[in-house]
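Architecture and fold: a report
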Amino acid sequence: MNTKEIIAMTSAYVMHTYGRIPLALVRGEGARVWDAEGREYLDFVGGLAVCSLGHCHPAVTQAIAAQARTLMHVSNLYHIEPQARLAKVLVENSCAGKVFFCNSGAEANEAAIKLARKYAKKNLGPDKYEIITALKSFHGRTLATITATGQTKYQQGFEPLPQGFKYVPFNDLNALKEAVGPHTCAVMLEPVQGEGGVYEVTPEYLTGVKEICRQQGLLLIYDEVQCGLGRTGKFLAYQHYGVEPDIFTLAKALGGGFPIGAMLARENAASAFSPGDHASTFGGNPLACAAGLAAMDQMLNRGVVDNAARVGEYFKNKLALLSGRYKFISEVRGRGLLLGVELSVDGREAVVRCQDRGLLINCVNNNVLRFIPPLIITEKDVDAALEILTGVLDEINHGGK
Ligand SMILES: *Cc1c(COP(=O)(O)O)cnc(C)c1O
């Protein structure tokens, strides 16, 4: 099928929940993808921070193929070796003691919310249920996770929303102090807000949040669905700050492109769940966990995280230089390969123009260009992307709108 045919069939049969770009990608390799007409693109979207090892990484595709021939699914009625192995890897590389597997970021956060409530009811008292989250946060699209998300645009039209959530401005410690009330049981944050516009937590804030949680007996939950797994130049984003959570969540890059999510908790918090409290039919199935094992082996043992740190810094420095050149760049933000360039003009035009020149980028909030490329990109890939981006920014600068 050609692009036009794929678009027409999508429009006819797929529910219209996405404002899609008129592009149909059919193949990928490393940091490059090809459309249905065979046109090549340098991919700085990376499946929305999913394809951190690049597209179709041979170790991941090989593991999936081998596991698919052996055993794909048996259910959690039984013990599953790849699930146990992947949990061990994640526990050995984090502050967590135990892992619950699911299939997506929203499900991981849903599990975190349930665990926090269960823990609080057991250990803090019957009216402890409220979770404080940040404005501009993003935690997913289920009813509980759109409610946890501190942006009304995701909530409108779906009322009544579940109870027990409260929002505070990000990086404002006094606001959090004031928000903690008699029902509060947990604070949930992204160490780097992704969808909200690429905002990094400050070290002082995170340290202060942890101290408030300690004093008030609250659980600290991190949503590392986007910023975790090497994205910021450390395996987990919180490791930059040395402020460990009680619970954290992963998904996006965990399966090297294959769908899988995880909710992880310290032993103390994890023990609030008993058999029957939470479950997922597909969660932790052999196929997803085999993909996750191969992906995490690459990430942890093949220099992928260090590459993200090094190339990310190179990229950010170059973007900072650009900000001196164009008046309409108001800020360059982010860490590792989760970078944002805020514009004082609409950024969607730049996305389209970059795509026409063979570079895929993404824009959040209509004015923040977001770069979340595969973590395996080189300085040369960054140079190629910057050459295209500079050409596009020149056009916009000259009023070529
Ligand atoms: C993408 C994302 C989610 C939701 O993940 P899904 O897999 O789409 O459910 C949750 N939290 C953060 C921080 C995300 O970036």
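Residues numbered from 1 in each chain as written. Predicted model: local features only at pLDDT ≥ 70, side-chain atom pairs only at ≥ 80, totals over all residues. Heavy atoms only, no water.

So, the environment of Val 91
Looking at the element boundaries, Val 91 is found in helix H4 (residues 81-92). Overall, Val 91 belongs to the partly exposed group, its relative accessible area being 23%. Linking Val 91 and Arg 266, residues 175 residues apart in sequence, is a C-alpha distance of 9.2 Å. In this structure, Val 91 is in contact with Ala 96, Gly 97, Lys 98 and Val 99, ignoring residues within four places of it in sequence. (Helix = DSSP H or I, 4+ residues; strand = E, 2+ residues; numbered from the N terminus. Buried < 20%, exposed > 50% of the residue type's maximum accessible area, 1.4 Å probe, protein only. Contact = heavy atoms within 4.5 Å.)

What about the environment of Gly 242?
Relative to the assigned elements, Gly 242 resides in the loop between strand E10 (219-223) and strand E11 (247-250). Owing to a relative accessible area of 63%, Gly 242 belongs among the exposed residues under this scheme. Along the backbone, Gly 242 and Val 14 are 228 residues apart, and their C-alpha atoms lie at a distance of 44 Å.

What to know about helix H8 (residues 203-216)
Here H8 contains 14 residues, and its C-alpha end-to-end distance of 20 Å stays within 8% of the 20 Å for a straight helix at 1.5 Å per residue. Of all the positions in H8, only Tyr 205, Leu 206, Gly 208, Val 209, Ile 212 and Cys 213 are classed as buried. Looking down the long axis of H8, one finds its buried residues gathered within 165 degrees of arc, a one-sided arrangement. In H8, the exposed positions angled more than 90 degrees off the buried face are occupied by Glu 204, Arg 214 and Gln 215. Considering only its buried residues, H8 is in contact with strand E6 (165-168), helix H7 (173-179), strand E7 (184-189) and E10. Note on H8: the residue one or two positions beyond its end, Gly 217, has a positive phi of about 70 degrees. (Expected span 1.5 Å × (residues − 1). Arc of directions from axis to C-beta.)

Some points on the sheet that holds strand E16 (residues 362-364)
Strand order in the open sheet formed by 4 strands is E13-E14-E17-E16, with antiparallel pairing between adjacent strands. Among the strands making up the open sheet, the edge pair consists of strand E13 (329-335) and E16. Strand-to-strand twist in this sheet, taken as the mean axis angle between neighbours without regard to direction, amounts to 25 degrees. Relative to strand E14 (residues 338-343), E13 runs antiparallel, the two sharing 6 bridges. Across the sheet, Ile 329 pairs through a bridge with Leu 343, a residue of E14. (Pairing = 2+ DSSP bridges. Axes fitted to C-alpha atoms, helices over the stretch in contact; angles between N-to-C directions.)

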